[in-house]
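Results of the structural survey
Residues per chain are reported as follows:
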Amino acid sequence: MKTISIIGGGIAGLTVANILQKENMKFALYERSSIQSNKGHGFIIPSEGLEILKTYIPAVDLLNEGNILNEYISYDNQGKLFDKKELHNDFIISRKALVDLLEKNIPNELIYHDKSVSDIKSNSKGIEEVFFSDATSIVPSSIIIAADGSKSKIRTTLVPDKLLRETSVHEIVNIFENPELAGILGNQFLKFHHTEGGLSIGLLKVSATEVLCYAQFDVKRYPLKEDTTVEINNFMQNNFKGWAYPVSLFLEKTNFENAHYWRVNELDILDDYYSNNTVFVGDTAHSLLPFTSQGVTSAIKDAQMLINCLKRNPEDYKKAFKEYSDNRKQEIAIHFKNGRLLRDNFLLPLEEQKMNIIPISFK
């Protein structure tokens, strides 16, 4: 069996690697980072994604690193109840924790770090060679699975006409230690909205001591020019000062050293999730709006569907790629649509926003 090359060691790439490892299929994974950063990131994973993860990661390990959510409650910025919905075992976990759990299953000799793609050489049959910024390269002996994110060098080279376009709503995401606030939040997902729309803040317990905060804002009304710690702190203090408890506690007790300013982009819809001998998974194939909370689960389902298609068509990767692409595009189209609807709703004054809407996209 020839060795499959995985480019990108985020959630999508590592999930592919976990499945291949379990199926005893040969692979090598190339990740641009030397170490995984804990800066800012955390994920809401709907129950469907959690159940898939449990087939590769022991449930006890997942639950030790994250938190089950069973209720979504939204308020206006002064604490007036706006809506309340039951959640069904949705899950919150930090990016670093999930990456560490996925990496545990992969032999060290199969993961190559500090491998940032600098260029590719291709012909009519596909990619011939992948070059990395450390002056090394690989000549793939089998297919390439591109999982190197929304700004993928591989996808932008192979499919140059499909572009990333900046959206009008950006996010600041921060994970921080605050046992007091974690205890208050429990298994609730709290979200506070400005009455005029276009500005919100969500708070979720990640672990016994950690809390995830994400602020969403219309950049036209609430611009943030720099992503320095000082500017992010000033932005948060200026725009959320005087908001209801426990937002006030969050602002009082939090520093923003690990905060991540996410300039949210949408990727043009691809005609296909593959090009010759290369197939795209996760954000490389479809960069979903954060309102959907489906980025991680979609990446996990991409990986699962792709490997299943390859197993069904071991001698015909083109047929496998088409089957994978056609199947996944149908579901992703629903999340694209839901993401835009959720974003448009968010931009409205609170009194005009639709109720009974959970910030998670479902099929």
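Residues numbered from 1 in each chain as written. Predicted model: local features only at pLDDT ≥ 70, side-chain atom pairs only at ≥ 80, totals over all residues. Heavy atoms only, no water.

Before going further, it helps to examine the pairing of strand S4 (residues 66–76). Of all 11 residues making up S4, 8 are buried, and the element is well covered by its neighbours. Both S4 and strand S5 (residues 81–94) contribute to a ladder of 9 bridges, which runs antiparallel. Opposite Gly66, over in S5, you have Ile93 as the bridge partner. Remark: 4 residues form the turn of the hairpin made by S4 and S5, two consecutive strands paired antiparallel; Gly79 in that turn has positive phi of roughly 95°. As paired strands, S4 and strand S13 (residues 188–193) are joined by 6 bridges and run parallel to one another. Opposite Tyr72, over in S13, you have Phe189 as the bridge partner. (Buried < 20%, exposed > 50% of the residue type's maximum accessible area, 1.4 Å probe, protein only. Helix = DSSP H or I, 4+ residues; strand = E, 2+ residues; numbered from the N terminus. Pairing = 2+ DSSP bridges.)

Further remarks concern the packing of helix H1 (residues 11–22) against helix H4 (residues 95–104). For the pair H1 and H4, the least separation of the axes is 9 Å and the interaxial angle reads 25°. One way to sum up the angle between H1 and H4 is to call them roughly parallel. When the axes of H1 and H4 are compared, the crossing they make is left-handed. Within the contact between the two elements, H1 uses Ile11, Leu14, Thr15 and Asn18 and H4 uses Leu98, Val99, Leu102 and Glu103. A per-class count over the contact of H1 with H4 returns 5 nonpolar, 2 polar and 1 charged. (Axes fitted to C-alpha atoms, helices over the stretch in contact; angles between N-to-C directions. Parallel < 35°, antiparallel > 145°, perpendicular 65-115°, else oblique. Left-handed = near helix turned anticlockwise from the far one by under 90°. Contact = heavy atoms within 4.5 Å. Nonpolar A, V, L, I, M, F, W, Y, C, P; charged D, E, K, R; others polar.)

Moving on, we get to the layout of surface pockets. Quantified by volume, the second largest pocket comes out at close to 420 Å³. Taken together, 21 residues make up the lining of the second largest pocket; nearest its centre are Lys2, Ser141, Ser142, Ile143 and Tyr317. Looking at the lining of the second largest pocket, the elements that each hand over two or more residues are strand S8 (126–132) and helix H9 (295–312). With 3 residues, S8 is the largest single contributor of residues to the lining of the second largest pocket. Counted by class, the lining of the second largest pocket contains 9 nonpolar, 6 polar and 6 charged residues. (1 Å grid on protein atoms, 1.4 Å probe; cavity = no way out; pocket = protein on both sides within 12 Å on 5 of 7 lines; lining within 4 Å. Points joined across faces, edges and corners; volume = space filled by probe spheres on them.)

Turning our attention to H9. In this model H9 runs 26 Å from its N-terminal to its C-terminal C-alpha over 18 residues, within 8% of the 26 Å that 1.5 Å per residue would give. Most of H9 sits inside the fold, with 13 of its 18 residues counted as buried. (Expected span 1.5 Å × (residues − 1).)

Before going further, it helps to examine the packing of aromatic side chains. The full count for this structure, using the stated rule, is 14 aromatic pairs. Ring centres of Phe250 and Phe256 lie 5.9 Å apart, and the angle between their planes is 90°; this geometry places the pair in the edge-to-face category. A residue is classified by how much of its surface remains accessible, and Phe256, at 2% relative accessible area, is buried. Judged by centre distance (5.3 Å) and plane angle (50°), the ring pair of Phe291 and Phe346 falls under tilted. Of this pair, Phe291 sits in the loop between strand S19 (278–280) and H9 while Phe346 sits in helix H10 (residues 317–347), and the two are 55 residues apart along the sequence. The pair formed by Phe291 and Phe346 is uniform in burial state, with each residue classed as buried. Grouping aromatic residues by their ring pairs yields a cluster made of Tyr30, Tyr112 and Phe132. (Phe/Tyr/Trp six-rings, centres within 6.5 Å; stacked < 30°, edge-to-face > 60°.)

With that settled, consider the pattern of salt bridges. Counting across every chain of the model gives 17 salt bridges. A salt bridge links Asp268 to Arg165, with the shortest nitrogen-to-oxygen separation between them at 2.7 Å. Of this pair, Asp268 sits in the loop between strand S17 (265–267) and strand S18 (274–275) while Arg165 is found in strand S11 (residues 164–166), placing the two residues 103 residues apart along the sequence. Look at Arg165 and you get partly exposed, because its relative accessible area is 46%. Between Arg221 and Asp218 there is a salt bridge, with the nearest N and O atoms lying 3.0 Å from each other. (Salt bridge = Lys/Arg side-chain N within 4 Å of Asp/Glu carboxyl O.)

Once that is clear, we can look at the nonpolar core. The tendency in soluble globular proteins is for nonpolar side chains to be buried as a group. Counting residues in each nonpolar core, the largest one holds 67 residues, and the members touching the most others are Leu62, Leu98, Ile154 and Leu306. Broken down by element, this core gets its largest block of residues, 9 residues, from H9. Ignoring any residue separated from it by four or fewer positions in sequence, one finds Leu306 in contact with Ile145, Val279, Val281, Phe321 and Tyr324. Formed by 31 residues, the second largest nonpolar core is a distinct cluster that contains Leu203, Val211, Phe217 and Met236. (Core = buried A, V, L, I, M, F, W, Y, C linked by side-chain atoms within 4.5 Å.)

This structure, assessed with the given rule, holds 1 cavity of 30 Å³ or more. One number sums up the size of the largest cavity: a volume of about 170 Å³. Around the largest cavity, the lining is made up of 15 residues, and of these Tyr72, His193, Asn345, Gln353 and Ile357 lie nearest the centre. At the level of secondary structure, the elements contributing two or more residues to the lining of the largest cavity comprise S4, S5, S13 and H10.

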